[in-house]
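Okay, here's what each chain looks like letter by letter:
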Amino acid sequence: MIEFSSVFKHYPDGTVAVDDVSFTVASHSTVVLVGSSGSGKTTLLRMVNRMTDPTRGRVLIDGNDVAEMDPVQLRRSIGYVLQAGGLLPHRTVVENIATVPRLRGASRSVATKRAYEVLEIVGLDASLGKRYPAQLSGGQQQRVGVARALAGDPNILLMDEPFGAVDPIVRRSLQRELRALQQELGKTILLVTHDIDEAMTLADEIIIISSGGKLAQRGTPTEVLTRPADAFVAEFVGVGQPERRLRLREENGVELVTDGLGRPIGTLDR
Amino acid sequence: MDLIQQAFAWLIAPTSWIGDSGIARRLSEHLVFTVVVVGVAATIALPVGVVIGHTRRGTTLVSAATGAARAMPTLGLLTLLGLGLGIGLVAPAIALIVLASPSLLAGAYAGVQSVDRQTVDAARAMGMSEPAIIRTVELPLAAPLILGGLRSATLQVVATATLAAYTSNTGLGRYIFAGLKGREYAELIGGSALIVALALLLDGIFALVQRVTLRDPHRLPVTTERHHP
Amino acid sequence: MRWLSQNWETLLQLTASHLALVLPSVVLSFLIAVPIGWAAQRRRWARDPALTLVGILYAIPSLPLFVLIPVMFGLGLRSAANAIIVLTVYGTAIMVRSAADAFASVPEDARLSAAAIGHSSWQRLWMVELPLAIPVMVAGLRVLVVSTISMVTVASVIGIQNLGTLFTDGFQRGIVAEVVAGLVVTVLLALVLDGGCILMARLLTPWTVSQRRVRGASAWT
Ligand SMILES: Nc1ncnc2c1ncn2[C@@H]1O[C@H](COP(=O)(O)OP(=O)(O)OP(=O)(O)O)[C@@H](O)[C@H]1O
Ligand SMILES: [Mg+2]
């Protein structure tokens with residue numbers, strides 16, 4: 001379990017990136033942080049592995065304050081996935097994935113073996129292992145990023161806009177795979193996105209951050225959609241907007257679902 | 001320390017400053033030579049660099065020229081031309097023009113080439129002629145790098161003009177060669193110090209000019225390379 | 001050609017003295033400049049003073065320096081140490097800027113993700129920043145090597161033996177072939193060592209070669 005307890009982050013230039021935020025991420029659940037650009041999502045995420053330290057407040061993992069842990073050891077125990085994978089361009093795929101086991105002292109052969117295992121878990125062919133990141137497609141790079149995060153078998157995965165750099169179709173399939181993977185592995189995942197649809201797809205619980213780094217609402221996707229806490233949340237999740245006001249009409253003997261403007265979305269599955 | 005005192009004494013002695021090989025005469029020779037050489041080199045190299053930057057044709061010429069200038073030993077070129085053309089000022093002038101041109105060429109080329117293509121496109125779309133684009137858009141935006149090239153070339157020529165005294169009777173470099181030959185250490189060290197001071201002064205003036213004229217913080221710092229002996 | 005056939009032993013000897021001045025200077029410049037360049041890039045307060053100092057050093061003409069350094073350090077005018085110090089001053093001036101640029105060229109993404117997955121700061125420097133800085137660093141090293149090879153010839157006018165001696169000797173005795181031979185060999189030496197640098201970079205940075213081969217693959221942004 002990850003617990004944020006009244007954390008603040010003030011940068012020296014006066015920016016207030018996070019303003020009194022508290023929430024918890026239950027073990028084995030997926031919590032998604034959404035909010036507009038610059039609202040402090042990345043800052044919050046980075047507090048978990050101490051890439052950033054809060055100005056005030058505490059972040060606890062299973063009851064232990066991360067401020068008391070050695071940052072380097074802490075980071076080796078937490079998986080971290082960045083946009084575009086954050087791969088090291090001068091290491092092959094397998095070397096990238098094997099990095100964390102190696103840093104933890106595993107022998108080269110053990111680390112490589114582990115790397116090929118996770119490569120398979122994320123659905124990549126072993127033949128890609130010897131390539132450099134630049135020789136992969138965006139979607140493949142992203143998968144390698146996830147594989148690298150999984151290689152140390154961490155309990156916690158932090159993901160910062162992990163699918164932000166790939167096209168919508170690939171993003172959809174990566175989201176699906178992440179859900180399947182999560183069902184199988186049961187990690188504790190904290191994920192950042194500014195795509196509300198992605199949040200709805202992946203989250204057990206959504207945390208909406210408004211600009212200025214304030215927590216606007218937390219709840220399940222159903223809760224935020226049906227009971228938005230305020231106008232900002234309603235606007236952000238699109239309540240009342242034509243895109244979210246689905247309608248049903250019959251067309252050629254099929255029950256067609258459309259958005260508020262009448263554009264077809266799909267068919268009804270009774 | 002004794003040597004340094006002697007050199008200092010030589011530098012401040014009024015007799016050192018006057019006469020045919022006095023400091024005043026040598027200093028002005030050095031400066032005039034530098035200005036003429038940089039002027040001629042700029043007249044040739046800047047337009048070429050601007051055209052290459054504008055058309056983006058002939059970029060290999062720029063890198064070949066800068067590479068060759070860097071690898072070419074100045075002293076070798078000076079002595080070769082000296083043997084061919086005699087010990088006048090012509091040989092060192094040609095050698096220095098050849099060696100100074102690449103910095104100017106590269107500065108002009110890099111400056112014009114660094115201008116955002118969209119800006120140039122927009123100017124063209126508004127109906128500006130190519131010369132007008134160069135004059136009103138590219139040159140002003142390229143000014144920092146052109147000035148940087150000019151600074152490199154000037155410093156390079158000031159330095160190389162010293163060496164030119166090896167093959168001809170001109171400039172502050174004479175103090176070094178005459179001093180070496182006649183074991184006149186005061187002259188040797190004093191002359192060397194003068195040259196260093198002159199180079200630093202010129203560099204400082206350029207730095208000041210660049211700071212005053214190019215106060216725009218969005219412009220890139222000037223980093224054209226130069227090569228000098 | 002006749003000059004060459006009669007004097008090839010001198011030529012070899014001078015080439016050897018040339019290298020004996022160039023190689024230590026290049027190595028020293030590199031070892032001094034890389035840490036300074038790193039600090040100039042990573043410590044904001046160090047950047048401006050370091051780069052300004054380096055610019056000033058570089059503005060000093062070399063011939064007077066060959067005279068002033070021995071006076072300041074109490075060295076012999078014609079000693080190898082004098083030449084090596086002067087060349088190292090210029091070499092460092094050239095290399096500090098390149099090294100700073102090289103460390104600046106390391107993608108921020110790579111630095112961040114290296115830290116995020118648990119590299120300590122030393123590990124990040126050795127395992128991530130240094131390797132990724134190699135391509136730009138080598139570009140600077142090439143300029144350093146070629147400039148040093150050419151600049152050392154100036155030292156021959158104060159009597160330090162190297163390939164430049166062919167220029168002074170040829171000029172004084174009026175032998176054009178000797179000067180030409182000096183020019184050709186100096187430039188050839190520069191080309192060979194430059195080629196060596198390129199080769200070394202290829203071997204040290206296999207990932208850039210593969211990027212060249214696979215042009216279509218998405219680039220690092
Ligand atoms: N080192 C820093 N110094 C000063 N301000 C910073 C620093 N890092 C981030 N900020 C500011 O803190 C705020 C929050 O930044 P953060 O990166 O957490 O936003 P975000 O929600 O992740 O945005 P995005 O969706 O664009 O990634 C922003 O206003 C940002 O400009
Ligand atoms: Mg962010």
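Sequence order sets the numbering: in each chain, residues are counted from 1 along the sequence as written. Note on labels: chains are lettered from A, ligands numbered from 1, in written order. In keeping with the model being predicted, local features are shown solely for residues with a pLDDT of at least 70 and side-chain atom pairs are shown and tallied solely at 80 or more, while totals for entire chains, interfaces and linings include all residues. Based on all heavy atoms of the structure, the side-chain values leave hydrogens and waters out of the count.

Peer 1: Quick question: what am I supposed to make of the sheet that holds strand S4 (residues 56-61) of chain A here?
Peer 2: Pairing between sheet strands relies on hydrogen bonds along the backbone, with the strands arranged either parallel or antiparallel. All names here are of chain A. The strand order across the open sheet built from 4 strands is S2-S1-S4-S5, with neighbouring strands paired in antiparallel fashion. With one partner strand each, in any of the chains shown, strand S2 (16-25) and strand S5 (64-65) form the two edges of the open sheet. Where strand S1 (residues 2-10) meets S2, 6 bridges bridge the pair, whose relative direction is antiparallel. Within S2, the position partnered with His10 by the bridge is Val16. At least two DSSP bridges between two strands are required for those strands to pair. Only DSSP runs of H or I covering at least 4 residues are called helices, and only runs of E covering at least 2 are called strands; the numbering of each starts at the N terminus.

Peer 1: Got a minute to help me understand the packing of helix H5 (residues 108-116) of chain C against helix H6 (residues 121-151) of chain C in this structure?
Peer 2: Helices that pack against each other are described as a pair by the angle of their axes relative to one another and the distance between those axes. Residues and elements named next belong to chain C. Orientation is described by axes fitted as lines to C-alpha atoms, over the contacting stretch for helices, and by angles from 0 to 180 degrees between their N-to-C directions. With their axes 10 Å apart at the nearest point, H5 and H6 run at an angle of 165° to one another. Judged on the interaxial angle alone, H6 and H5 are roughly antiparallel. Between H5 and H6 lies a crossing whose hand is right-handed. Note on element contacts: H6 touches H5 through Arg124, Val128, Glu129 and Leu132, opposite Ala110, Arg111, Ala114 and Ala115. When the residues that make up the contact of H5 with H6 are grouped by side-chain class, the tally is 5 nonpolar, no polar and 3 charged. Working definition: roughly parallel below 35 degrees, roughly antiparallel above 145 degrees, roughly perpendicular at 65 to 115 degrees, and oblique for all remaining angles. The handedness criterion is simple: a crossing whose near helix is rotated anticlockwise from the far helix by less than a right angle is left-handed, and one whose near helix is rotated clockwise is right-handed. Contacts: residue pairs with any heavy atoms within 4.5 Å of one another. Polarity classes work like this: nonpolar for Ala, Val, Leu, Ile, Met, Phe, Trp, Tyr, Cys and Pro, charged for Asp, Glu, Lys and Arg, and polar for all others, with Gly in that last group.

Peer 1: Teacher, can you tell me more about the site of ligand 1 here?
Peer 2: Residue and element names in this part refer to chain A. Residues in close proximity to ligand 1 total 13 residues, the closest being Ser37, Gly38, Lys41, Thr42 and Thr43. Each polar contact in these results corresponds to two N or O atoms within 3.5 Å; when the atoms are within protein, one needs to be able to donate a hydrogen and the other to accept it, and residues that are neighboring in sequence are counted only if both atoms are side-chain atoms. A distance of 3.2 Å is found between an oxygen atom of ligand 1 and a backbone nitrogen or oxygen belonging to Ser39. Isolated, ligand 1 exposes 640 Å² of accessible area, and the fraction of that covered by the protein chains is 63%. Ranked by the residues each element gives to the shell around ligand 1, the list is headed by helix H1 (residues 41-48), at 3 residues. Residues are classed as near a molecule or strand on a simple rule: at least one heavy atom within 4 Å of it. In these tables, accessible area is a Shrake-Rupley quantity obtained with a 1.4 Å probe, and a residue counts as shielded only by the protein chains included in the view.

Peer 1: Could you clarify how one ought to interpret helix H5 (residues 138-151) of chain A in this entry?
Peer 2: Because an α-helix packs 3.6 residues into every turn, residues spaced three or four apart end up facing the same way. Residues and elements named next belong to chain A. Taking 1.5 Å per residue, 14 residues should reach 20 Å; H5 reaches 20 Å between its end C-alpha atoms and fits that length. Here the term buried applies to any residue with accessible area under 20% of the maximum for its type, exposed to any over 50%, and partly exposed to those in between, with areas from a 1.4 Å probe on protein chains only. Here H5 lies mainly inside the structure; 12 of its 14 residues are buried. Every buried residue belonging to H5 is among Gly139, Gln141, Gln142, Arg143, Val144, Gly145, Val146, Ala147, Arg148, Ala149, Leu150 and Ala151, and all of these are buried. Positive backbone phi, approximately 50°, marks Asp153, located one or two places after H5. In this scheme, a helix's expected span is set at 1.5 Å multiplied by one less than its residue total.

Peer 1: Would you mind showing me how to read the side chain of A:Ser39 here?
Peer 2: On the secondary structure map, A:Ser39 appears in the loop between strand S3 (30-35) and H1. Not counting chain neighbours up to four residues away, the residues in contact with A:Ser39 comprise A:Ala17, A:Ile209, A:Ser210, A:Ser211 and A:Gly213.

Peer 1: Help me out: how do you make sense of the packing of helix H3 (residues 93-103) of chain A against H5(A) in this one?
Peer 2: Residues and elements named next belong to chain A. At a closest axis distance of 7 Å, the pairing of H3 and H5 adopts a crossing angle of 25°. When the axis of H3 is compared with that of H5, the two are roughly parallel. The way H3 lies across H5 gives a crossing that is right-handed. Seen from H3, the contacting residues are Val93, Asn96, Ile97 and Pro101; seen from H5, they are Val144, Ala147, Arg148 and Ala151. Within the contact of H3 with H5, the residues separate by chemical class into 6 nonpolar, 1 polar and 1 charged.

Peer 1: Whenever I open this one, the domain arrangement of chain A confuses me. Can you help?
Peer 2: Size of an interface: often given as the accessible area lost when the parts come together. All names here are of chain A. Note that the domain bounds reflect an automated or database-derived domain assignment. Each assigned domain of chain A is listed with its residue range as follows: domain 1 (1-77 + 155-238), domain 2 (87-146) and domain 3 (240-270). Listed per partner, the contact involves 11 residues of domain 1 and 10 residues of domain 2. Once two parts are joined, some of their accessible surface, as seen by a 1.4 Å probe, is lost; buried area is that loss totalled over both. For the pairing of domain 1 and domain 2, the buried interface totals around 910 Å² over both sides, and the portion due to carbon and sulfur atoms is 63%. In terms of surface lost to domain 2, no three residues of domain 1 exceed Arg76, Leu174 and Leu181, which account for 48% of the buried area on that side. Between Lys or Arg on one side and Asp or Glu on the other, a salt bridge is scored when a side-chain nitrogen of the former is within 4 Å of a carboxyl oxygen of the latter. Summed over the shared surface of domain 1 and domain 2, the number is 1 salt bridge. With its nearest N and O atoms 3.3 Å apart, the salt bridge here joins Glu177 to Arg143. Remark: the boundary between domain 1 and domain 2 carries 4 residue pairs in polar contact (both at pLDDT 80 or more). For the side of domain 1 that touches domain 2, the element with the most residues is helix H6 (residues 168-185), which contributes 5 residues. Residue classes in the side of domain 1 that touches domain 2 are distributed as 7 nonpolar, 2 polar and 2 charged.

Peer 1: How should the interface of chain C and chain B be read in this particular structure?
Peer 2: Counting residues at the interface gives 40 residues for chain C and 37 residues for chain B. Here chain C packs against chain B, burying approximately 3300 Å² in sum over the two surfaces, 81% of which is carbon and sulfur. Three residues, C:Tyr58, C:Pro61 and C:Phe171, lead the burial of chain C against chain B; their summed loss comes to 18% of the area buried on that side. On the surface where chain C and chain B come into contact, there are 0 salt bridges. Of all the elements in the fold, those that place two or more residues in the side of chain C that touches chain B are helix H2 (44-59), helix H3 (62-73), helix H4 (80-104), H6, helix H7 (165-173) and helix H8 (176-204) of chain C. Element by element, the count of residues in the side of chain C that touches chain B is highest for H8(C), at 7 residues. Here the residues of the side of chain C that touches chain B sort into 27 nonpolar, 12 polar and 1 charged.

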